Amino acid sequence: MGFARTCSVALVGVEGVVVEVQADLEPGIAAFTLVGLPDKSLVESRDRVRAAVVNSGADWPQKKLTVGLSPASVPKGGSGFDLAVACAVLGAAERIDPRVLADIVMIGELGLDGRVRPVRGVLPAVLAAADAGYEQVVVPECTAGEATLVPGVSVLGVRSLRQLIAVLTDEPVPDEEPDERGRPDPLLSGLSMPGGGAGTGLGGPLADGHGLDLADVVGQRSARTAIEVAAAGGHHLMLSGPPGAGKTMLAERLPAVLPPLTRGESLEVTAIHSVAGMLPPGKSMIDTAPYCAPHHSATMQSLVGGGPGVARPGAVSLSHRGVLFLDEAPEFSGQALDALRQPLEAGHVVIARSAGVVRLPARFLMVLAANPCPCGQYRALGGECDCPPATVRRYQARLSGPLLDRVDLRVEVDAVTRSELSGYGPRGESTQVVADRVRAARERAVARLTDTPWRTNSEVPGHALRTRWPAAPGALDEAELDLERGFLTARGLDRVLRVAWTVADLAGRDRPFAQDVALALQLRTGISRGVPMTIGTGS
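Here the structure is a predicted model, which means the values were calculated and not measured.

A. Local environment of unusual backbone geometry. In this model, S70 is joined to P71 through a cis peptide bond whose omega is 10°. Here P71 lies in the loop between β4 (64-70) and α3 (82-92). One non-glycine residue, L37, lies in positive phi territory at about 65°. By the element assignment, L37 lies in the loop between β3 (31-35) and α1 (40-43). A relative accessible area of 48% means that L37 is categorised as partly exposed.

Structural data, given as structure tokens:
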């Protein structure tokens, strides 16, 4: 009787659970039994592993074989267990010393010819292994760069099972024949979902704002100020206006205004995109704010996450630490929009399924873009709107009050004039100039919020702002009057105070004054408060 064990990782959402893969050989009729709550793709590994072992030059044991995945109560799916199952079987057959396998975590799919194919979610799997105390990890060669992002873990990237057998048995490592030049590497196909990025707005120049400059946006001083405030404080934003005014252009340029991600934030974002199969080709780590722009026909599951079995990340998680842009927001289903309330407040989404409960990170900056009516010409200068009043009210009511109450900034985007489009007016500031001010404002906020769990003004609870960091005397008088009149809710007042702190950070002040609160009220309600829509010491 032979026995061997090694380890792999089961992913539940974007978190990993280390699984012990045990192989036991007993005399009897040759059979292969796989136990431990595997799904369909994992059950099929029996045939993949047998063919891969034989085609790698090793003998398949002709005995009764039982492979157990422990803990058996955790659902396990995917093809990433193939490599661990094959090595456990070879260890039980004494082709590999079982003592060598015991403390190694193995992740990878096997082809029938023995090649090791990559799987999605390598980074969160290696993070889980490191948290569990494992120091040696074997992954497919093309995902080794992703695995090496985790400190304190020794990573071995292999291209085939025969290479791994040679390494573990101290034999000469065989050279694999290179693929034909000019042809795509078939091993990379396991890293991306079919159609990934096409319907989400991920990837390409929009992912980091490369080549998109705020100076290209004509006019729109109020909207540009709102973009700057949103980026500096992490505030949600709604842009309303006629078609062609520049709402989409502004949203596309927002990711480049946001500061670069810290290493911890980069690991969070990269882990989510790795699980979703949307890592950019040839890039093992995402260090810029992601941008996700789902189509208005997107379902609730595609926005917040879901799907059969264990829930997969949705658009709110793919835009974690970045921008979620909902163009034509009133065209989204009411159910999908209302599902955004929890992640907007909590910074994560909890999805309960029969296979288990998954908690996915979802701290994003939401930008809504909406026309004033179905035809887009309602209240437009010189426009002729043919929409009946009831149609206009019904269209505008598609965005519920509770959802809009969570949006800090609401700006009307006016149609571009002929003089502005011809270039006679002053040119707006570039992305780099605005990004420098945003970065300085964020540094002020981080310094103020030291020793707290918050890093941006939008995350700070209203009670903490009112007690620990009060505004200047009399600064909130106008906002409190709006609360008494019913123009603001209690949540709205807290959000106005958060925006006022962001305006003060951008202007270099140590606390918000009356003009900062007035600008925050103006950005939230759209009602003029007698202050210019600019940021500066003279605002």
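B. Region of interest: the nonpolar core. Membership of the largest hydrophobic core comes to 59 residues, with the highest contact counts inside it found for V229, L237, L239, V367, W469, V517 and L523. Those residues in contact with W469, other than ones at most four positions away along the chain, are R448, L449, T452, W454, V460, A464 and W501. Counting 39 residues, the second-largest nonpolar core is a separate cluster that includes L42, V53, W60 and L110.

C. Representation of a nonpolar patch on the surface in the model. Residues L156, V167 and V173 make up a contiguous nonpolar surface patch of roughly 200 Å² in combined accessible area. Relative to the helices and strands, L156 is located in strand β9 (residues 154-158). Exposure remark for L156: the relative accessible area of 30% places this residue in the partly exposed category.

D. Molecular detail of the environment of S458. Residue position: S458 is located in the loop between α18 (431-448) and α19 (462-467). Each C-alpha atom, one on S458 and one on R312, is 27 Å from the other, the two residues being 146 residues apart in sequence. Apart from residues no more than four positions distant in its own chain, S458 is found in contact with G233, G234, H235 and R498. Of the polar contacts made by the side chain of S458, one reaches the backbone oxygen of G234; its length is 3.1 Å.

E. Representation of helix α2 (residues 45-55) within the structure. Along α2, the positions that sit buried rather than exposed are S45, R48, V49, A52 and V53. Seen from one end, α2 has its buried residues packed into an arc of 125°, which puts them on one side. Structurally, α2 contributes buried residues whose contacts are with β3, α1, α3, β6 (109-110) and α7 (161-168). A positive backbone phi angle near 90° is found at G57, which sits one or two residues after α2.

F. Representation of helix α9 (residues 247-257) in the model. Where burial is concerned, most of α9 is hidden: eight out of the 11 residues are buried. Looking only at α9, the buried set comprises K247, L250, A251, E252, R253, L254, P255 and V257. For α9, the secondary structure elements touched by its buried residues are α8 (221-233), β10 (237-240), β11 (291-292), β12 (323-326), β15 (365-370) and α18.

G. Representation of the state of the cysteines within the structure. Following the criterion strictly, the structure yields zero disulfides and no others. Free cysteine: C7, not disulfide-bonded; nearest cysteine sulfur from C87 at 12 Å. Here C385 stays free of any disulfide, with the sulfur of C373 as its closest cysteine sulfur at 3.7 Å. Among the residues examined, C385 registers a relative accessible area of 27% and is labelled partly exposed.

H. Representation of the environment of V18 in the model. Among the structural elements, V18 can be located in strand β2 (residues 15-26). Taking the C-alpha atoms as reference points, V18 and P71, separated by 53 residues in sequence, lie 8.8 Å from one another. Contact partners of V18, with chain neighbours within four places excluded, come to C7, S8, V9, S70, P71, A128, A129, A132 and Y134.

I. Expanded view of the side chain of R529. Along the chain, R529 turns up in the segment after α22 (514-525). At 2.8 Å, the side chain of R529 forms a polar contact with the side chain of D482.

J. Structural detail: the sheet that holds strand β16 (residues 409-412). Read from one edge to the other, the open sheet built from five strands follows the order β11-β12-β15-β10-β16, with strand pairing classed as parallel. The two strands at the open ends of the sheet, each matched to only one other strand, are β11 and β16.

K. Highlighting the packing of aromatic side chains. Counted by the stated rule, this structure contains two aromatic pairs. Seen in terms of ring centroids, F32 and W60 are 5.7 Å apart; in terms of plane orientation they differ by 40°. Their pairing is tilted. With F32 in strand β3 and W60 in the loop between α2 and β4, this residue pair connects regions lying 28 residues apart in the sequence. For the pair formed by F32 and W60, the shared burial category is buried.

About the cut-offs
- All residue numbers refer to position in the chain's written sequence, counted from 1.
- Local features in this predicted model are restricted to residues whose pLDDT is 70 or higher, and side-chain atom pairs enter the listing and the counts only when it is 80 or higher, whereas totals over whole chains, interfaces and linings include all residues.
- Hydrogens are left out, water is left out, and the side-chain values use all remaining heavy atoms of the structure.
- Numbering of helices and strands runs from the N terminus; a helix is a DSSP stretch of H or I covering at least four residues, while a strand is a stretch of E covering at least two.
- Each residue's exposure class comes from its accessible area (1.4 Å probe, protein chains only) as a fraction of the maximum for that residue type: buried when under 20%, exposed when over 50%, partly exposed otherwise.
- We call a set of buried residues a nonpolar core when its members are Ala, Val, Leu, Ile, Met, Phe, Trp, Tyr or Cys and they connect through side-chain atoms within 4.5 Å of each other.
- Here, residues are in contact when the closest pair of their heavy atoms is within 4.5 Å.
- Distance thresholds for patches are 9 Å for like charges and 5 Å for nonpolar side chains (Val, Leu, Ile, Met, Phe, Trp, Tyr), applied to residues having over 30% relative accessible area and no salt bridge.
- Per-residue accessibility takes into account occlusion by the displayed protein chains alone, with areas from the Shrake-Rupley method and a 1.4 Å probe.
- We define a salt bridge as a contact between a side-chain nitrogen of Lys or Arg and a carboxyl oxygen of Asp or Glu at a distance within 4 Å.
- Any pair of N or O atoms that falls within 3.5 Å is considered a polar contact. Within protein, one atom must be able to donate a hydrogen and the other to accept it, and sequence-neighbouring residues count only if both atoms are side-chain atoms.
- Directions drawn from the helix axis to the C-beta atoms are what define this arc.
- Note on terminology: pairs of cysteine sulfur atoms within 2.5 Å are recorded as disulfides.
- Strands were regarded as paired on the criterion that DSSP finds at least two bridges between them.
- Any pair of Phe, Tyr and Trp rings, taking the six-membered ring for Trp, is counted once the centres come within 6.5 Å. Such a pair is stacked with planes under 30 degrees apart, edge-to-face with planes over 60 apart, and tilted for the rest.

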